[in-house]
Structure formats: C-alpha cells, structure tokens
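Geometric and topological summary
Here is how the chains run, residue by residue.
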Amino acid sequence: MTDTAISAAPRRVSDNAALVAKRYRSERRFKLYGIAAIAVTAVFLVLLFADILVKGLPAFFEHRMMLPVSVSQEAIDPQNSKDPKIIRTGDFDGPIRESFRAMFPDVTSRGDRKKLLGLLSSGAADDFRAMVVNNPSLIGTDAKVPVLLSDDADQYLKGRQTGVAKIAGQGTITASADGEKFKLVTDKTPVLTAGDIVRLNGGAFRVVSADNGAYLAEQVTAPKSLDPANAGAWDIVRFTVTEHNRRIDDQEALWLEQLKEKGVAENGIAWRFFSSGDSREPELAGIRGALTGSILTLLVTLFLCLPIGVAAAIYLEEFAPKNRLTQLIEVNINNLAAVPSIVFGLLGLAMFLNFFGLPRSAPLVGGLVLALLVLPTIIIASRAALRAVPPSIKEAALGVGASHQQAIFHHVLPLAMPGIMTGTIIGMAHALGETAPLLMIGMVAFIVDIPGGFTDAATALPIQIYLWSDLPEIAFQSKTAGAIIVLLVFLFVMNAAAILLRKRFERRW
Amino acid sequence: MDTMIKTPVADSAPRIARERPLKIKARNVDVYYGEKHAINDLSIDIPDSAVSAFIGPSGCGKSTFLRSINRMNDTIPSCRVTGNIEIDGRDIYDRTLDVVQLRARIGMVFQKPNPFPKSIYENVAYGPRIHGFARNKTDLEEIVVTSLKKAGLFEEVKDRLDHSGTSLSGGQQQRLCIARAIAVNPEVILMDEPCSALDPIATARIEELIDELRQNFCIVIVTHSMQQAARVSQLTAFFHLGNLVEVGDTDDIFTAPKDKRTQDYITGRFG
Ligand SMILES: Nc1ncnc2c1ncn2[C@@H]1O[C@H](COP(=O)(O)OP(=O)(O)O)[C@@H](O)[C@H]1O
Ligand SMILES: [Mg+2]
C-alpha cells in the first residue's frame, strides 16, 4: 500500500449514518417483498381451497325421501321362495313410483306424471332391491324406503340451481280468467314482479307482467277453484334464477318445494360416493372404481420402485467404482427425473402395450409407467439419505470386522431408512397425482366396474377428475370437486406422513 | 532378509522393542492419496504389550499410517499403499488375506466417539455376534459384561444397558467404543486421538484405561498431546511432513531427542 493510504484519517464503522439507514431501509424493503409474496400465495391458496370446498362438499351428501312403500309379495316373490335370485328379478320400480305419486294426488295428466317421476333417480329401485334382498323379511310388510332423487332435483334442493324465497301473501288475492291468461288482483300494495309464482287454492300462477298494479299471469298448475284467497292462504315463491336458465322448471321446483314443506326430503351422507364406480347418472357415480384403480397402480409402482430404487442407490453410493460410466449413469438419473411425464406415457405405450402386448387400461401397465417416473426420485432421495449417514458409523462397523455389506445393511441402511421412506412417500404422492402418462396407456375410459385385479380395465383418481370435469351436468362438477378433495386428502396425508417420519427419526446419531 | 531393508539397526533399537516381542513390522511404506504423497518410505517396529504413540504436527500422516495398519484406507478409493506391513510376520497386504478378518483382529477407536445409534448392549454385542463368538445368549451377555468391565464402563451403565449408546456422555461413549473394540478380542488396538473430543477428567480415565489394557494388547495411539504421549506410551514415533523422523523409547524422545525437528516440536516451536 502507498503512504497516502496509511496516513489517511482512520475510518470508523459508525461514521456513516446514511449508509446504516440505507441498509435498514433495504432490509425492510426486502422483508416487505417477502411478506407480499407470501400473502399473494396464501390468498390464491385460500381462494383455491375455498372454491374446491364450496363446490365439492355437497358431493358428499345426497337428497333422498323416506317413502312408505308396500313390499308386496306378488310383485317381488310370488312363490314365496325366499331365493335372492328370484327376489332380485321382482318389480321394485312400480311400488316406489306408486308411493311417490300418492304424495301428489293432484298430478293426473300423463305428461305431468312422467315429469314428476323424472324427479326420482333411476337408481332408486336398485337401492330398494338391495334393501329387500339383504332383508327378505320385509316382503309382505310396509317399509320405509329411502328413495334417491335425481341429480337435478338434488342440486335444486341443495340450492345450487336457484335461490328461492317464499313470501306469505298479504291481504286478499283474486285470480280471474283473462283469455289464455289470468288476472291477479290484490287489495294491498303491489308486491309481485314478473317471474314470481303465486300459489293459491292448490294451484300456481306465474306472473308474466306487472304494470300499474295489474298483474297478468299464466297457469303453472291448475287450482281447485278461482275463489279469492285470504292472507295466509296464498303465498309467493320467488326464484333468483329464471326458469330457462336452470334445469328444473317452475313446476318441478314447486313439487320439490312441496316435498321440502312436507319434510320428506332429507340430506344425508352419500356413502355411495365412496362405494360405487362411475356412472352416467351423476347421483349414482362414485370414486370407488377410480380409487381402486389408483391403489392397484400404486401398489405395482411401490413394489417395483422401492427394491429397485434402494438397490440402485446402495450400489451407486457404496459399491460402484467412481468412473466415467457411473458418472454418466448419475447424470442420466438426474435427467430422467426432469423428463416430462407424458414422455414416460409414450414410452409405456410403445414398450408395454405395443411391444410386450400387455393389456390396455390396466393398473399393471399404469404401475409400470409410474414406476419409471418415480424411480429417479426414489434413487435420488435414497442416495441422499445414505450419504447423510455419517461415515463414522460405517467405519465403526468396519472397525469391529464387519464386511462392507454387513456395515451397510446392519448400520447404514437402517439409519437411512426414514429418509428413503420419506422420498418414497413423496414419490408415491407424485405418482398418485400423475395423469398424463396414464392417458397415454388408455387408463382414460368410462369404466363402471370396480377393477378386481392388476389386469382389469381401470382408471385412476386424477383421471376420474379429468373425465368428470368434462361433463355438462352441474352435479358432475360437484363430483369433480369432491373427487379433488379426496385426492388432496390422500396427498396431504402422505406428505404429512413423510414430514412426521422425517421429524421423528431426524438425526438419531 | 531384514538386513536388505534399511531398518532401525538392532543395537540402536529402542529398549522396549528389544524387551517385548515384535508385533507390527512396517518396511518402506509409502501411502498416496491420488497424487498426494502422504507417507514417505516409512519403516517402524511396534512391540507387543506396550503402548506406542505417534506424535507430530497435524497433517503429517499419523492417521494415514494408523489406518494403513488395519487397511481402513482401503475404503478411500484414491488411496494407495506400497511397501510392506506385517503383523506377527504375516503380510497384511497379501492378496490372500481377508481384510474383514484382519480388521476383526485389529480394533480401532476413532477421534470422535462413534457408538452405533443402538443400545449400549447392542454396541458391544455386535462384533462378537457377527463373528459368531457366542454360542448362546448367556455367552454373549458374558462377553458384553467383561468387555464393559475391561473398558471401565460397566459400573456406570449396568442398570441401563438397553439405553442408546448415544445417550452417554462423550467420555463414556469413547469408553463404550473401546469396549466395543475389545469385545472381539483383538490383538492390536489402534486409537486415533481418542481423547481430543473429551474433557480432562474423561481423558484421565481413558489414559488409565489404556495403561491397564497395555498388559494384554498391542496399543498404538495417535495423539496431539505430548503430555499424553509421555504419560501413556513406552514407545514414541515422531512424524513430520509424511516422514517418520524419529522413533525411540518415550523417555528418550522427551528427554534427549536426536533430531532437531523432534526437539523443536517437543519444545513447542511448531505444531
Ligand atoms: N481422504 C484423503 N484424501 C486425500 N488426502 C488426504 C485424505 N486424508 C488425509 N489426506 C492428506 O494426507 C495428509 C496426512 O493426513 P493425516 O494422516 O490425516 O494427518 P494427521 O492425522 O497426522 O493429522 C494430509 O496432508 C491430508 O491432507
Ligand atoms: Mg489425524
């Protein structure tokens, strides 16, 4: 250094207040950026979860009516054989329809009756059948039978078609015929608007125009008479969504309102969401088939990946000579982990289906493809876990005369196991959510049956979600969100297990 | 044959080496880590039933040579050993010799106590078990208890043999490691700075223990502390920059070192 530098006045750190202030400002600013970034992420996450929960939770419930149904001997088991095979072939549709129609004695025309029965699920009779087959002593008695409503009716009752308000009528109202239409006259201040339904004398009118206190209405259901109705004897039903914008029309809506008023429709847990496979009818569709497919697929993946992955990791980490070849292998394992999953799907299609001729849509093939996908993850995680075991443990074992393999299997591997399991669980969670490669090998199909083995046609949970999300019915959108909730629960549980494992066994030496 | 190799001449050999049978004989040993020449043409005679200490500034190759004696260096891929090391007249780098068997005959205690993260009992029992020493459970128990007793640890841990070895204090852990080493009944015990991670009281206990073990084992200890070398050893070897500078009876080395470098090191001029 030159003399000038030595002779310059000595500087003190605290001299420069501006510098300190600037440093603090910069630190504060950085903190703020961080908080803002986290806040934005949190908001999106909350929105996402709120949306999924609001849409998906109703999928775990279904509306059904407890109807008194006479389980007649003639219709079901005329010979009194008590044979389930014969009981199964009995007529279960008729009694349910009859019982349901009995609740609406005013509905007489053919068209209206058909429409009324349309509110029932096509699976209602199957539930009834199963109930009687399981309990033949019901035959010949009057049973309370839970009758499932159709998806649209269910959605209406869940309030997902339209909002509905009921306003008690004030004063007296009189309806009088006016050509095709009807004129409504009230003696109180006008309260009606176009689209309102006025229920009086057992009938219903839809208000079409409301000008200057003169209400013009059309008939929805015929009333018993056109006598004036006093306050309390009539009411107004007002929907927030107009009739042509929903799948339940005014008449059906009024029937459902009646069901509600009579207290026969109840909202119960839809166990069938977990216990049945896919269906064209949204109210009957469940995730059991997809879930079983996913589990079978993951079993194949796990049984392939864990032994192969751990063996590869142990070999590379502990036994392989460090040369060009092993370096190349290492680099390529890392590369493999970064390959887009659809490529594995294409590989699976070309190799497993076209070359080896394995069955399409089978969990076996799905598992093989996902194994290719997860293997690098498991190898990398296992190697990291093995490397994290202090070499002193291995040296200690070698020092008392253990062979290399004994040292690894007795001491290093057990200590690396939590890390390996963590990696495996995370890999499995990854595989559970994976969709693209399974699309390529034909696991995307409408499959009603629950797969019973590794070569049966199956889908997987994320693919079920994908399939349902494409369908127009609102009920299926709800099911989509419901299936997403199930998938997320599985993923959360798996990740939580991984975290717990890591926490529990972290650094035992 | 010995006369062909340059060795410490018999007459000038340390007294202790003349009194006791020869255990380890090293001739013209060179150790390389890749390009690095860590040990340079080293020859030494290590007597049985005595403690031999390796001293020297850090990085001079004490550990490297120690680890050549039980071939622990084999685990380092870049490491290469040439020359000749014999134990009881048998070349340990002979191709027909089984390394695992060799290591069972040569116990090792490391710088940092490294008990297995298993119970105290398991720590000691592991060696005898893999070598099939014990015919049954009581046999094994006896081996564990005697080993712990020899290591001076039994009284402290007899009520908690099922506790983890890692739950012990540093000094106890190191004595556990010694117990683990002597449980397989080795002929030689190598100790690489066994007290450097311990407090003075724990160190004193280990030193006492080493002194007791000397009766039955050939002990080689690497140490940073010259006082320790003076206290526990009968033979001292001074290493410097990969060379064995001087070997002699401990008393001689500390009172009348022949080499200038030894003198400088002992008097604290470098190290
Ligand atoms: N695994 C290794 N790879 C490369 N060089 C090493 C390795 N171990 C030790 N060395 C080198 O060998 C020399 C001797 O080391 P070491 O025997 O550990 O010294 P000491 O135990 O006497 O302090 C040092 O220069 C060290 O850097
Ligand atoms: Mg050392």
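Check the entry above for the structure.
Residues numbered from 1 in each chain as written. Chains lettered and ligands numbered in written order. Predicted model: local features only at pLDDT ≥ 70, side-chain atom pairs only at ≥ 80, totals over all residues. Heavy atoms only, no water.

**Some words on the state of the cysteines**
Residue and element names in this part refer to chain B. Evaluation of the coordinates by the stated rule reveals zero disulfides over all chains. Note on Cys 218: no disulfide assigned, nearest cysteine sulfur contributed by Cys 195 at a separation of 18 Å. The exposure class assigned to Cys 218 is buried, which follows from its relative accessible area of 0%. (Disulfide = S-S within 2.5 Å. Buried < 20%, exposed > 50% of the residue type's maximum accessible area, 1.4 Å probe, protein only.)

**Concerning the pattern of salt bridges**
What the rule picks out here adds up to 42 salt bridges over all chains. In this structure, B:Glu207 engages B:Arg231 in a salt bridge whose closest nitrogen and oxygen atoms are separated by 2.6 Å. With B:Glu207 in helix 8 (residues 200-213) and B:Arg231 in helix 9 (residues 226-232), the pair connects residues that are 24 residues apart, well separated along the chain. You can call B:Glu207 buried: its relative accessible area is 8%. Among the ionic contacts, a cluster of salt bridges with common partners joins A:Lys166, A:Arg199, A:Asp235, A:Glu257, A:Lys260 and A:Glu261. (Salt bridge = Lys/Arg side-chain N within 4 Å of Asp/Glu carboxyl O. Helix = DSSP H or I, 4+ residues; strand = E, 2+ residues; numbered from the N terminus.)

**Section: the sheet that holds strand 10 (residues 265-269) of chain A**
Residues and elements named next belong to chain A. Read from one edge to the other, the open sheet built from three strands follows the order 2-1-10, with strand pairing classed as antiparallel. Edge positions in the open sheet fall to strand 2 (142-148) and strand 10, since each of these has one partner strand only. Going from strand to strand, the sheet's axes swing by 40° on average, the running direction of each strand aside. Where strand 1 (residues 61-70) and strand 2 come together, seven bridges link them in antiparallel fashion. Within strand 2, the residue paired with Arg 64 across the bridge is Leu 148. (Pairing = 2+ DSSP bridges. Axes fitted to C-alpha atoms, helices over the stretch in contact; angles between N-to-C directions.)

**Overview of the packing of aromatic side chains**
By the definition in use, this model includes 17 aromatic pairs over all chains. Aromatic pair A:Phe355 and A:Phe356: ring centres 5.1 Å apart, planes at 80°, arrangement edge-to-face. Between the aromatic rings of B:Phe65 and B:Phe239, the centroid separation amounts to 6.2 Å while the plane-to-plane angle is 40°, which identifies the pairing as tilted. Separated by 174 residues along the polypeptide, B:Phe65 in helix 2 (residues 62-69) and B:Phe239 in strand 9 (residues 235-240) bring together distant segments of the chain. Grouped by ring-pair contacts, the aromatic residues A:Phe60, A:Phe273, A:Phe274, A:Trp468 and A:Phe476 constitute a single cluster. B:Lys149 extends its terminal NZ or CZ atom over the ring of B:Phe154, reaching a point 5.2 Å from the ring centre. Here the guanidinium or amino end of B:Arg180 rests over the ring plane of B:Phe116, the centre of that ring lying 4.6 Å away. (Phe/Tyr/Trp six-rings, centres within 6.5 Å; stacked < 30°, edge-to-face > 60°. Lys NZ or Arg CZ within 6 Å of the ring centre and 35° of its normal.)

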